[in-house]
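# Structural description and commentary
Spelled out from the first residue to the last, the chains are:
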Amino acid sequence: MNVGNISMTGATSYIAFTSKVNQSNKAYESAVNKNEDIEKIDVQEEQKDPIMDLYKSICEKYPDVSFRLTDMNAEVEYEKKNGTNCCPWLGYNNSMNQIGDNFGKMSQKSVEIDAAVLKKSLEDPNYRENFMAYLDDSLTDTRYNEWRSMAYEQGATNMCLGFIDENGKLTKCATNANCEFSTEEQIKSMWKNDSFQDELLGKVMSQKDELLENYMKMLFEHSQALREKLIGNEITINEQIFHFDEEGDICLGEK
């Protein structure tokens, strides 16, 4: 059957073919979606982290504060294994985990929390209550401005508060700097650049050479001064023991 120049038989075949394709696509999309759902579930299970969950809940409670999550214990182990001439440890799970912008700027309240504090908070309800109360008080304008003032007095242009755990004791501290805090992206980018690493190592070695040179110079000057003092004392002693008589001969003893 023909309608105009279109064969209905051909059209019917085309529609049937298209229908099969659509059905195949839907079946494929359904299978893909199921796989994606399974993958999402697996990822969520793998990424389930009580410390990170607590950290995020704290960040949500203070949306106007910029946070970072550190891990001092892991940093120590990392440096033992890799040394210090490598990309520095960035923080918990080797990431700064920054939530919020303008971290460290004087106009922005900024806080670093060490993972040990959150770990202890999860284990001890009283510790957690004290930490949250301490954090809440520290982030009031009055308290935070006290730390800002101290940073300004030391000539700093950037600062952040920090909460660390020292053998079970919650401690608050501050980090003051004369430059902006580097971002995670900046640090990773710098250490991907081999020339930067070589340049940094060269500067370190140059400083070591300069320090050694200054030390040797100081040691030499000190030895010279000591030598002159000893020679002076020796002359004084000799003058007391030897003298010249009228005929110009050296005589033992005082005149």
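Residues numbered from 1 in each chain as written. Predicted model: local features only at pLDDT ≥ 70, side-chain atom pairs only at ≥ 80, totals over all residues. Heavy atoms only, no water.

## Thoughts on the overall build of the protein
Check the secondary structure of the protein and you find 8 helices and 8 strands. Out of the 255 residues in the protein, the part that is buried amounts to 25%. Just so you have it, the protein exposes about 18500 Å², and 52% of that area is on carbon and sulfur atoms. (Helix = DSSP H or I, 4+ residues; strand = E, 2+ residues; numbered from the N terminus. Buried < 20%, exposed > 50% of the residue type's maximum accessible area, 1.4 Å probe, protein only. Areas by Shrake-Rupley, 256 points an atom, 1.4 Å probe, with all protein chains shown as cover.)

## Notes on the pattern of salt bridges
Tallied over the full model, the rule gives 6 salt bridges. Among the ionic pairs, Lys80 bridges to Glu77, the shortest N-O distance being 3.8 Å. With Lys80 and Glu77 both in helix 3 (residues 72–82), this residue pair falls 3 residues apart, about one helical turn. For Lys80, a relative accessible area of 63% puts it in the exposed group. (Salt bridge = Lys/Arg side-chain N within 4 Å of Asp/Glu carboxyl O.)

## Observations regarding helix 5 (residues 125–138)
Across its 14 residues, helix 5 extends 20 Å between first and last C-alpha, which sits within 8% of the 20 Å expected from 1.5 Å per residue. Turning to helix 5, its buried residues are Tyr127, Phe131, Met132, Leu135 and Ser138. One side of helix 5 carries all its buried residues, which in axial view fall inside an arc of 130 degrees. Facing away from the buried surface of helix 5 by more than 90 degrees, the exposed residues are Pro125, Asn126, Glu129 and Asn130. (Expected span 1.5 Å × (residues − 1). Arc of directions from axis to C-beta.)

## Re the layout of surface pockets
Size it by volume and the largest pocket reaches roughly 400 Å³. The wall of the largest pocket is formed by 19 residues, among which Trp89, Leu90, Met96, Glu112 and Ile187 lie closest to the centre. (1 Å grid on protein atoms, 1.4 Å probe; cavity = no way out; pocket = protein on both sides within 12 Å on 5 of 7 lines; lining within 4 Å. Points joined across faces, edges and corners; volume = space filled by probe spheres on them.)

## Considerations on the environment of Asp165
Within the secondary structure layout, Asp165 lies in strand 5 (residues 158–166). Owing to a relative accessible area of 21%, Asp165 belongs among the partly exposed residues under this scheme. A C-alpha to C-alpha distance of 7.4 Å links Asp165 and Asp114, two positions 51 residues apart in sequence. Those residues within four positions of Asp165 in sequence are excluded, and the remaining contacts are Ala116, Val117, Lys120, Tyr127 and Leu170. Within the structure, Asp165 has its side chain in polar contact with the side chain of Tyr127 (distance 2.7 Å). One polar contact links the side chain of Asp165 to the main-chain amide nitrogen of Gly168, over a distance of 2.9 Å. (Contact = heavy atoms within 4.5 Å. Polar contact = N/O pair within 3.5 Å; in protein donor to acceptor, adjacent residues only side chain to side chain.)

## Topic: the side chain of Lys172
Of note, Lys172 is situated in strand 6 (residues 169–177). Asp137 is the oppositely charged side chain nearest to the buried, salt-bridge-free Lys172, at an N-O distance of 5.5 Å. A distance of 2.9 Å separates polar atoms of two side chains, one belonging to Lys172 and the other to Ser138. Once you skip the residues sitting within four places of it in the chain, Lys172 turns out to touch Tyr134, Ser138, Trp147, Gly162 and Phe163. (Lys, Arg positive; Asp, Glu negative; His and termini not counted.)

## Topic: the confidence of the model for the protein
For the protein, per-residue confidence averages 76 on the pLDDT scale, and residues scoring 70 or more make up 60% of the total. Per-residue pLDDT, averaged within each element of the protein, yields its smallest value for strand 2 (residues 6–7) (37) and its largest for strand 4 (residues 110–114) (98). Counting interchain partners and residues more than four positions distant, the pLDDT-below-50 stretch residues 36–45 has 0 contacts. With pLDDT under 50 throughout, residues 234–243 is counted as low confidence; its partners more than four residues away or in other chains account for 17 contacts. (pLDDT = per-residue confidence, 0-100.)

## Some thoughts on the packing of aromatic side chains
Per the counting criterion, the structure on display carries 5 aromatic pairs. Taking 5.1 Å as the distance between ring centres and 50 degrees as the angle between the ring planes, the aromatic pair formed by Tyr78 and Trp89 counts as tilted. Here the residue Tyr78 occupies a position in helix 3, and Trp89 occupies one in the loop between helix 3 and strand 4, the gap between them amounting to 11 residues. Looking at Tyr78, the relative accessible area reads 18%, which means it is buried. Summarising the aromatic geometry, the rings of Phe131 and Phe163 are spaced 5.6 Å apart at their centres and angled 75 degrees between planes, so their arrangement reads as edge-to-face. With Phe131 in helix 5 and Phe163 in strand 5, this pair connects stretches of sequence that are 32 residues apart. For the pair formed by Phe131 and Phe163, the shared burial category is buried. Taken together, the ring pairs in this structure connect Phe131, Tyr134 and Phe163 into an aromatic cluster. (Phe/Tyr/Trp six-rings, centres within 6.5 Å; stacked < 30°, edge-to-face > 60°.)

## Structural notes on the packing of helix 2 (residues 50–61) against helix 4 (residues 115–123)
Put simply, helix 2 and helix 4 touch, their axes get as near as 9 Å, and they point 100 degrees apart. Overall, the two elements helix 2 and helix 4 adopt an arrangement that is roughly perpendicular. Between helix 2, through Pro50, Ile51, Leu54, Tyr55 and Ile58, and helix 4, the contact on the second element is made entirely by Ala115, Leu118, Lys119, Ser121 and Leu122. Taken together, the residues of the contact of helix 2 with helix 4 sort by class into 8 nonpolar, 1 polar and 1 charged. (Axes fitted to C-alpha atoms, helices over the stretch in contact; angles between N-to-C directions. Parallel < 35°, antiparallel > 145°, perpendicular 65-115°, else oblique. Nonpolar A, V, L, I, M, F, W, Y, C, P; charged D, E, K, R; others polar.)

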